[in-house]
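A structural walkthrough
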Amino acid sequence: MTQDDIEIAIGMIRSHLAAYPHGADTLEGVAQWWLDGSFPPPVIAAALERLLAAGEMERMTIGQRQLWRRAQPA
């Protein structure tokens, strides 16, 4: 896992959310559907955590699953 991979994944996640602003998915769904399997789960997890820390994404727990989506305005 390189910093470049994480930055590329972040850019791809941002692009997906620009096209689908109401999208929400699990880490596995983000990997498969948003990023077409381009990166392994640890890279995607790191990208999502960075976006979470930057206030761009939020993580919601629903039942046993965690969903990621664009951060909602306060």
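The notes below deal with the structure included here. What you see is a predicted model, and the numbers here were worked out from it, not measured in a lab.

Reading the values: the criteria
- Residues numbered from 1 in each chain as written.
- Predicted model: local features only at pLDDT ≥ 70, side-chain atom pairs only at ≥ 80, totals over all residues.
- Heavy atoms only, no water.
- Core = buried A, V, L, I, M, F, W, Y, C linked by side-chain atoms within 4.5 Å.
- Buried < 20%, exposed > 50% of the residue type's maximum accessible area, 1.4 Å probe, protein only.
- Helix = DSSP H or I, 4+ residues; strand = E, 2+ residues; numbered from the N terminus.
- Contact = heavy atoms within 4.5 Å.
- Pairing = 2+ DSSP bridges.
- Axes fitted to C-alpha atoms, helices over the stretch in contact; angles between N-to-C directions.
- Polar contact = N/O pair within 3.5 Å; in protein donor to acceptor, adjacent residues only side chain to side chain.

What to know about the nonpolar core
Note that soluble globular proteins tend to have their nonpolar side chains buried in a common cluster. Ile-13, Trp-34, Leu-35, Ile-44, Leu-48 and Met-57 are the most contacted members of the largest nonpolar core, which has 18 residues in total. Of all the secondary structure elements, the ones that give two or more residues to this core are helix H1 (3-19), helix H2 (27-34) and helix H3 (41-53). For Leu-48, the contacting residues outside a window of four places in its chain are Ile-13, Leu-27, Met-57 and Trp-68.

Digging into the sheet that holds strand S3 (residues 65-70)
Here 3 strands make up an open sheet; going across it, the order is S1-S3-S2 and the pairing antiparallel. The sheet is open, and its two edges are formed by strand S1 (24-25) and strand S2 (57-62), each paired on a single side. In the sheet, S2 pairs with S3 via 6 bridges, with the strands oriented antiparallel. Bridging across to S3, Met-57 finds its partner in Arg-70. Together, S2 and S3 form the strand contacts of H3, whose direction differs from that of S2 by roughly 110°.

Remarks on the environment of Thr-61
Inspection of the secondary structure puts Thr-61 in strand S2. Judged by relative accessible area, Thr-61 falls into the exposed class, the value being 57%. The spacing of Thr-61 and Glu-28 is 33 residues in sequence and 14 Å in space, taken between C-alpha atoms.

Points about the side chain of Thr-26
Positionally, Thr-26 belongs in the loop between S1 and H2. Taking the relative accessible area as the measure of exposure, Thr-26 reaches 7% and is therefore buried. Within the local environment of Thr-26, its side chain forms a polar contact with the backbone nitrogen of Gly-29, the two atoms lying 3.0 Å apart. Those residues in contact with Thr-26 that sit more than four places away from it in its chain are Arg-65, Gln-66, Leu-67 and Trp-68.

In short, the description is geometric, and any link to function would need to be established separately.
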